[in-house]
Amino acid sequence: MGMTMTQKILAAHAGLPSVQAGDLIEANLDLVLGNDVTTPVAVNVFKASGFHRVFDPEKITIVLDHYTPCKDIKSAQLCKTAREFAHEYGITHFYDVGQAGIEHALLPEKGLVAPGEIIVGADSHTCTYGAVGAFSTGIGSTDMAAGMVSGKNWFKVPPAIRVELTGSLHGWVSGKDVILHLIGEIGVDGALYKSLEFTGPGVASLSMDDRFTISNMAIEAGGKNGIFPVDDKTLAYLEGRVDRPFMVYTPDPDAEYERTVTIDLDKLESTVSLPHLPSNTRTVREVAGMKVDQAVIGSCTNGRISDLRVAASILKDRKVADGVRCIVIPATQAIYLQCVKEGLTEIFVSAGCAFSTPTCGPCLGGHMGCMCEGERAISTTNRNFVGRMGHVQSEVVLASPAVAAATAVTGAITDPADL
Amino acid sequence: MFSGKVFKYPDNVDTDVIIPARYLNSASAAELALHCMEDIDKDFVSKVQPGDIIVGGWNFGCGSSREHAPMAIQACKVSCVIAASFARIFYRNSINIGMPILECPEAAQKIRSGDTVTVDVDSGVIRDETTGETFQATAFPPFIKKIIEKGGLLPYLKAEQDASEEK
């Protein structure tokens, strides 16, 4: 029987001629990632278990992004633990405040992820790198410690769902709308333990930033990974970023898929997820007029330069509505600088937005935009669980940068086409 | 073999309610345990007794990869989590820290909050002592059993490494 793209990458890294869904394998890792929340736990178990060396300091990356710049004394302690470990073990790719950014935007930008590689990260949105044709998945801190020690992790080979994209995106509709729509179709556990393999003629119309957004939220459908084929756009993106050799895998013609979900991009509308599950989707038109107190534009899902360009094009010569706080957070230092160079920063500040240094902060109710009881945000982030952005009785509506920016302008959920 | 009183929760219990991110500025299991399940059941921490069992529905532990979630449950001295299904990162995190976790849709549906339940992790047999019903959970593959027996993935790896260095 043939293998899916994911299964081929796993087989190659396990030194096996082939694998099939359900096999328990041990695979070699190309990169192990941790952040300021998950690395300290990994460091604690690493040390408590009596280990004194890492498998390869070049293949470990630690990014301080969640509570940074540190919001309190305890988070400063977490960063210190991660920083000291990085220095002690000579971790090459250690990114602190001032060089860092949100991990899943930063790693592709720095060329740390390439097609055919296996990247594991102690952060659930590690699945983002499927956009470049890598197998990447979220793990916990103990897995991270095990990966740092041995350069290996255990995996159960996943079955796959094929997502066939047809047509092309139009108007304000973006990668975010594609993934929210898909999660609405298959549910928050629709891809549990499975791969999502994106394919079809519609893929070519998606920018790399759209693909990063889509792969990023595979986990919100329960997916183990969400992977795209490697095409000219991928190779153009990698040019100048990745100079090591890499392998491009394609699925076998007789690869087995549990099901195929087809999305016609021509017909897709701007979509949001209402509280409190990403699968609770509606078209923007269905919920237009719902009031918000806050708009957040940023995160590992939608804090890339094209996201901010779209938001700025809507906020240009407009003002954030009275009573609404709009918080814009470029995902990395490079994106921040690009915003300054292109004049986007001036647009945001003139519109009345708060414009911040890179951080995951508000997405997880960490800092930089927590909400109190009864407040509602529209947010380009990835989760709208109970209490995600603060009080248990606050609400998060997930949306694209275009919808979030249009909503910031009117104060109520708005289709950007209606501005 | 474990026995304890059941705390039952619905489908899609996410790691943000198991341990809210506002407490993730700590990596201490004891500190995390003080806020376990706070956003879904604020009385859990005051009521839970050593050995008690959590029963969830489908997709238990979905969301973030934070190992702080099973750490907090383990530090509350919960003996075992039973659910219809688990989100995959929560599942592997629980195994990796040596916390028993059983997948059994029928048990997850029929066991009620407050029932006393006995669990044999080796055989996967779950018995609801209150109703007398017995359920069979999916048994672990041998490799996973070894990790749990060693008390988690790192102790397992250390034992493997020490054994290979002795050779």
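Keep in mind that what you see is a predicted model, and the values were worked out from it rather than measured.

Thoughts on the overall build of chain B
Here is step 1: Secondary structure assignment for chain B yields 8 helices and 7 strands.
Here is step 2: A globule of 167 residues ought to have a C-alpha radius of gyration of about 15 Å, and chain B, at 16 Å, matches this closely.
Here is step 3: In chain B, which comprises 167 residues, the proportion classed as buried is 59%.
Here is step 4: Within chain B, residue pairs in contact and separated by at least 24 positions form 64% of the contacts whose partners lie at least 6 positions apart.
Here is step 5: As displayed, chain B has an accessible area near 6,400 Å², and 52% of this comes from carbon and sulfur atoms.

Here we look at the layout of surface pockets
Here is step 1: Considered as a void within the structure, the largest pocket measures approximately 400 Å³ in volume.
Here is step 2: Around the largest pocket, the lining is made up of 18 residues, and of these Trp154, Lys156 and Tyr193 of chain A together with Tyr91 and Glu103 of chain B lie nearest the centre.
Here is step 3: Within the residue set of the lining of the largest pocket, elements represented by two or more residues are strand E7 (152–156) of chain A together with helix H5 (88–96) of chain B.
Here is step 4: Among the elements that take part in the lining of the largest pocket, H5 of chain B stands out by supplying 3 residues, more than any other.

Observations regarding the nonpolar core
Here is step 1: By size, the foremost hydrophobic cluster in this structure holds 145 residues, and its most contacted members are Ile62 and Phe348 of chain A together with Phe44, Phe60, Ile73, Ile82 and Ile126 of chain B.
Here is step 2: Core analysis: the next-biggest nonpolar cluster, separate from the first, contains 34 residues, Val188, Ala221, Phe228 and Val396 of chain A among them.

Let's talk about the environment of Arg259 of chain A
Residues and elements named next belong to chain A.
Here is step 1: Within the secondary structure layout, Arg259 lies in strand E11 (residues 259–264).
Here is step 2: Overall, Arg259 belongs to the partly exposed group, its relative accessible area being 39%.
Here is step 3: In this structure the C-alpha to C-alpha distance between Arg259 and Ala27, which are 232 residues apart in sequence, comes to 26 Å.
Here is step 4: Beyond its immediate chain neighbours, meaning those up to four positions away, Arg259 contacts Ala160, Ile161, Arg162 and Ile186.

Considerations on the sheet that holds strand E1 (residues 2–8) of chain B
Residue and element names in this part refer to chain B.
Here is step 1: Across the sheet, 7 strands lie side by side as E4-E3-E2-E1-E5-E6-E7; this open sheet has mixed pairing. In the strand order of this sheet, the two ends are held by strand E4 (101–103) and strand E7 (134–136), each with one partner. Neighbour-to-neighbour, the strand axes of the sheet open up by a mean angle of 30°, direction not taken into account.
Here is step 2: Relative to strand E2 (residues 53–56), E1 runs parallel, the two sharing 3 bridges. Looking at the pairing, Val6 lines up with Ile53 of E2.

So, the packing of helix H4 (residues 68–75) of chain B against H5 of chain B
Residue and element names in this part refer to chain B.
Here is step 1: Axis separation between H4 and H5 bottoms out at 9 Å; the angle between their running directions is 50°. Accordingly, the angle class assigned to the pair H4 and H5 is oblique. For the pair H4 and H5, the crossing hand works out as right-handed. The segment H4 lies against H5, with Ala69, Pro70 and Ile73 engaging Phe90, Asn93 and Ser94.
Here is step 2: Residues of the contact of H4 with H5, tallied by class, amount to 4 nonpolar, 2 polar and no charged.

Regarding the interface of chain A and chain B
Here is step 1: Chain A puts 51 residues into the contact, and the matching count from chain B is 44 residues.
Here is step 2: Buried area between chain A and chain B, summed over both chains or domains, comes out near 3,700 Å², and the portion from carbon and sulfur atoms is 59%.
Here is step 3: Looking only at chain A, the three residues that lose the most surface to chain B are Thr142, Trp154 and Tyr193 of chain A, adding up to 18% of its buried area.
Here is step 4: Our count for the chain A to chain B interface comes out at 4 salt bridges.
Here is step 5: Remark: the boundary between chain A and chain B carries 21 residue pairs in polar contact (both at pLDDT 80 or more).
Here is step 6: Secondary-structure elements contributing two or more residues to the side of chain A that touches chain B are helix H2 (39–48), helix H3 (73–88), strand E6 (135–138), helix H5 (141–150) and E7 of chain A.
Here is step 7: Ranked by residue count, the leading element in the side of chain A that touches chain B is H5 of chain A, at 7 residues.
Here is step 8: Per-class residue counts for the side of chain A that touches chain B are 25 nonpolar, 16 polar and 10 charged.

The rules behind these values
Residues numbered from 1 in each chain as written. Chains lettered and ligands numbered in written order. Predicted model: local features only at pLDDT ≥ 70, side-chain atom pairs only at ≥ 80, totals over all residues. Heavy atoms only, no water. Helix = DSSP H or I, 4+ residues; strand = E, 2+ residues; numbered from the N terminus. Rg over C-alpha atoms; globule rule 2.2 N^0.38 Å. Buried < 20%, exposed > 50% of the residue type's maximum accessible area, 1.4 Å probe, protein only. Contact = heavy atoms within 4.5 Å. Areas by Shrake-Rupley, 256 points an atom, 1.4 Å probe, with all protein chains shown as cover. 1 Å grid on protein atoms, 1.4 Å probe; cavity = no way out; pocket = protein on both sides within 12 Å on 5 of 7 lines; lining within 4 Å. Points joined across faces, edges and corners; volume = space filled by probe spheres on them. Core = buried A, V, L, I, M, F, W, Y, C linked by side-chain atoms within 4.5 Å. Pairing = 2+ DSSP bridges. Axes fitted to C-alpha atoms, helices over the stretch in contact; angles between N-to-C directions. Parallel < 35°, antiparallel > 145°, perpendicular 65-115°, else oblique. Left-handed = near helix turned anticlockwise from the far one by under 90°. Nonpolar A, V, L, I, M, F, W, Y, C, P; charged D, E, K, R; others polar. Buried area = accessible area lost by both parts, 1.4 Å probe. Salt bridge = Lys/Arg side-chain N within 4 Å of Asp/Glu carboxyl O. Polar contact = N/O pair within 3.5 Å; in protein donor to acceptor, adjacent residues only side chain to side chain.

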